[in-house]
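# Chains, contacts and geometry: an overview
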Amino acid sequence: MYGLSRRSASSIARKAGARYRAAASASAVSSSPSTDPIRTCDSEAPQIPTRQFSALTGPKWDYFSSAGHLKFGKGVGLGLRHEGTAAATTDPSEPPAEKYEYQAEVSRLMDLIVHSLYSNKEVFLRELISNASDALDKLRFLSVTDAQLLKEAVDLDIRIQADKENGIVTITDTGIGMTKQELVDCLGTIAQSGTAKFLKALKDSQEAGADSSNLIGQFGVGFYSAFLVSDRVVVSTKSPKSDKQYVWEGEANAGSYTIREETDPDKLLPRGTRITLYLKHDDKDFAHPERIQKLVKNYSQFVSFPIHTWQEKGFTKEIEVDEDPTEAKKDGEEGSSVEKKKKTKKVIEKYWDWELANETQPIWLRNPKDVSTEEYNEFYKKTFNEYLDPLASSHFNTEGEVEFRSILFVPATASDGKEDISNPKTKNIRLYVKRIFISDDFDGELFPRYLSFVRGVVDSNDLPLNVSREILQESRIVHIMRKRLVRKAFDMILGISLSENRDGYDRFWENFGKYLKLGCIDDHSNHKRIAPLLRFFSSQSDKELISLDEYVDNMKPEQKDIFYIAADSLTSASNTPFLEKLVQKDIEVLFLIDPIDEVAVANLKSYKEKNFVDISKEDLDLGDKDEEKEQEMKQEFGQTCDWIKKKLGEKVASVQISNRLSTSPCVLVTGKFGWSANMERLMKAQTLGDPSTLEFMRGRRVLEINPEHPIIKDLSVASKTCPDNPDAERAIDLLYDTALVSSGFPPEKPSELGSKIYEMMGMAISGKWTSPTSDMKGTAGDAVPDRHAEAFEAEVVEPENAGAQK
């Protein structure tokens, strides 16, 4: 069953048409200004008002017939390869067409294909070109053992011609073609693949060779994608194993089709298949040559056979301009002895000719050792419409359970709008199946969302797709492919980080660091690959980012954990009171200043057997515990802690003595399993945040006091001597509110906090800069005692030897 490609009977139809055009392309187009070299198989060609030229010439064609059709050199008449401009007419001299009914339920299945199977109409051209390529591959393979198949010396190629005026698209190939029975078997039966049968026969006879794996078609429904855009489809095909050429014709939503023998010598093909699509009214824009060229470049530019499209071209030339008689007379009066220069003007001569549409070769099929960096960069910029060279690339072949070829790239910058970290669908990987573009719109099947900035192409021969080839099927093969692609992507990024050029990775991190942090959350299986790539500022490196490896190398011998603090900015992190004792001990602390940092690190949990510890949470262990001293402090300040807790009530869970403070009087820490102050701030900022959830997840707050601070010592005295003193209670409230702000929490009542601060300021500065003389006088001239003057006099200290001098 060599008549049909895996794309079903469609491949055959395309092949015949392609071969038909291939022969015509090699011919010289008539230069007669009154005839159009492009003719429909079934009708008169329209007139073209200007001269027509062809850039292609060839020895296989001698001349045009008087009817405007090309003649084969050895006398075999051929229909013109550039056909398709008008609707077909019925010739009464033609033999009657035989009518065939589709298989039962086939018409309903065809309706399903047209309206449900394919999500994008433009894939019809991909399917038809794939079938044409399949037919050419079959012919090339079979000709190894049967050279007679190539007796018609026509180039192996595909040609596509569009007639936008009449809404007709013609696809012609010079492949294997089909016999009459193959037309019935393949085009009358949906989901029957000639290619599949062909490969099975080769396998059964143990004649399968390497080339057989290049056959593209896989599904018998590919041909029927033509009805996505067509009301009527005509397939004219000639098999080298048959002396006759047959024409298959079917209409959309019809329950039958017809097959007849081709008797018009002007429409005969030497070999192959020609498919003519009569487009629907709403889909006639597909008949624009520019649209055809664009679709070929998008879906089929890496097909191994030449694809030519019929395009309008032009060149500039100078022509003489007739002179104005008045100007000519004036010039003659001025001097007849001066030779006059003839006037010319530039005009554009237009002509139609074949243009190669798939001149780009698939670089991934080459040996990586034979491809230069410049070639990789050029391929990247051309394929992904970029203007900057990529930061890195990785070209690899995978063999074994799954075989595929791929090239991955890391862009130099983040492209605006092309990679949205919040978009679950990634368009960064272009998937090809046997060099035919399938899609770049996946929902994370091939590549995870957090690596959506990585660009690349993947070409597989046996990727499991659905019948329309637009949706990747979940399977073990896809899982293995994804795993290997992700691993190669990480190896490529790690190569950038290990490069001597540190600026390269700094640039990468600036553009794509957030993506890797998202990977810490989404991909637990790759934590070991992601963690070495992370970068942070720290208490010892607030100007330059450091890696976790550098942090671990700088750890103190007695240090067991990796310490971090989350804040809204580098300044806030650098000035937090939680850092005081750690800085004093020269212990480095990571600064997590990006909103996603804290969640990412919490998901990592550890690195190289070192746990991540938030220094803003309770029970901080710095490795220097002195139990005897702690016991003494608890005995001395235990009553003070209980007194402060009683005054604060439910505001705090407890009051404890701190081991992390050196200069601040107190700090407010959170429980181990609740939100930190930074996380609480971020969650409150969420537009759709649930207040009940916020209250539930808010960590228990513990007030830690610094027993060495003067304020705490004074409060300790107050707790023992005057526990109910109102000033002491106000001092505790102000202490708590200040601890809220310094620890990163928003004040519960900002206005009350402001009033307390103003009151304290008034007490501290009242009369401090007032003149002592004016303070001694009352408003009525009475002497008024001044407490500031008394305080000033009380501060006068006489020298120790003052009495001796007296």
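Structure: see above.
I will try to describe carefully the structure that is included in this document.

What counts as what
- Residues numbered from 1 in each chain as written.
- Predicted model: local features only at pLDDT ≥ 70, side-chain atom pairs only at ≥ 80, totals over all residues.
- Heavy atoms only, no water.
- Helix = DSSP H or I, 4+ residues; strand = E, 2+ residues; numbered from the N terminus.
- Expected span 1.5 Å × (residues − 1).
- Buried < 20%, exposed > 50% of the residue type's maximum accessible area, 1.4 Å probe, protein only.
- Contact = heavy atoms within 4.5 Å.
- Pairing = 2+ DSSP bridges.
- Axes fitted to C-alpha atoms, helices over the stretch in contact; angles between N-to-C directions.
- 1 Å grid on protein atoms, 1.4 Å probe; cavity = no way out; pocket = protein on both sides within 12 Å on 5 of 7 lines; lining within 4 Å.
- Points joined across faces, edges and corners; volume = space filled by probe spheres on them.
- Nonpolar A, V, L, I, M, F, W, Y, C, P; charged D, E, K, R; others polar.
- Polar contact = N/O pair within 3.5 Å; in protein donor to acceptor, adjacent residues only side chain to side chain.

## Topic: helix α9 (residues 476-497)
Within an α-helix, residues lying three or four positions from one another point in the same direction, as the helix has 3.6 residues per turn. End to end, α9 covers 32 Å across 22 residues, agreeing with the expected 32 Å (1.5 Å per residue, within 8%). Taken together, the buried positions of α9 are Val478, Ile480, Met481, Leu485, Val486, Ala489, Phe490, Met492, Ile493, Ile496 and Ser497. Of the surrounding elements, those touching the buried residues of α9 are β12 (392-398), β13 (404-410), β16 (455-460), α10 (502-522), α11 (527-530) and β17 (535-538).

## Topic: the sheet that holds strand β14 (residues 429-433)
Within the open sheet, the five strands sit side by side as β12-β13-β16-β14-β15. Their pairing is mixed. Whereas interior strands pair on both sides, the edge strands pair on one side only; in this sheet they are β12 and β15 (436-439). Direction aside, the axes of adjacent strands within the sheet are offset by 20 degrees on average. One ladder, built from five bridges, connects β14 with β16; its direction is parallel. Within the sheet, the bridge partner assigned to Val433 lies in β16 and is Ser460. On top of the sheet, α9 reaches β12, β13 and β16; it is set at about 35 degrees to β13, its chief contact.

## Overview of the layout of surface pockets
Volume-wise, the largest pocket comes out at about 760 Å³. Lining the largest pocket are 25 residues, with Glu630, Met633, Ile657, Ser658 and Asn659 positioned closest to its centre. Those elements that place two or more of their residues in the lining of the largest pocket are α16 (627-648) and β23 (654-657). Tallied by class, the residues present in the lining of the largest pocket amount to eight nonpolar, six polar and eleven charged.

## What to know about the environment of Tyr551
Relative to the assigned elements, Tyr551 resides in helix α12 (residues 548-553). With 37 residues separating them in the primary sequence, Tyr551 and Glu588 have C-alpha atoms 7.7 Å apart. Every residue in contact with Tyr551, bar those within four places of it in the chain, is listed here: Ile546, Gln559, Asp561, Ile562, Phe563, Glu588, Val589 and Leu590. Within the local environment of Tyr551, its side chain forms a polar contact with the side chain of Gln559, the two groups lying 3.0 Å apart. Here the side chain of Tyr551 touches Glu588 through a polar contact of 2.7 Å, landing on its backbone oxygen.

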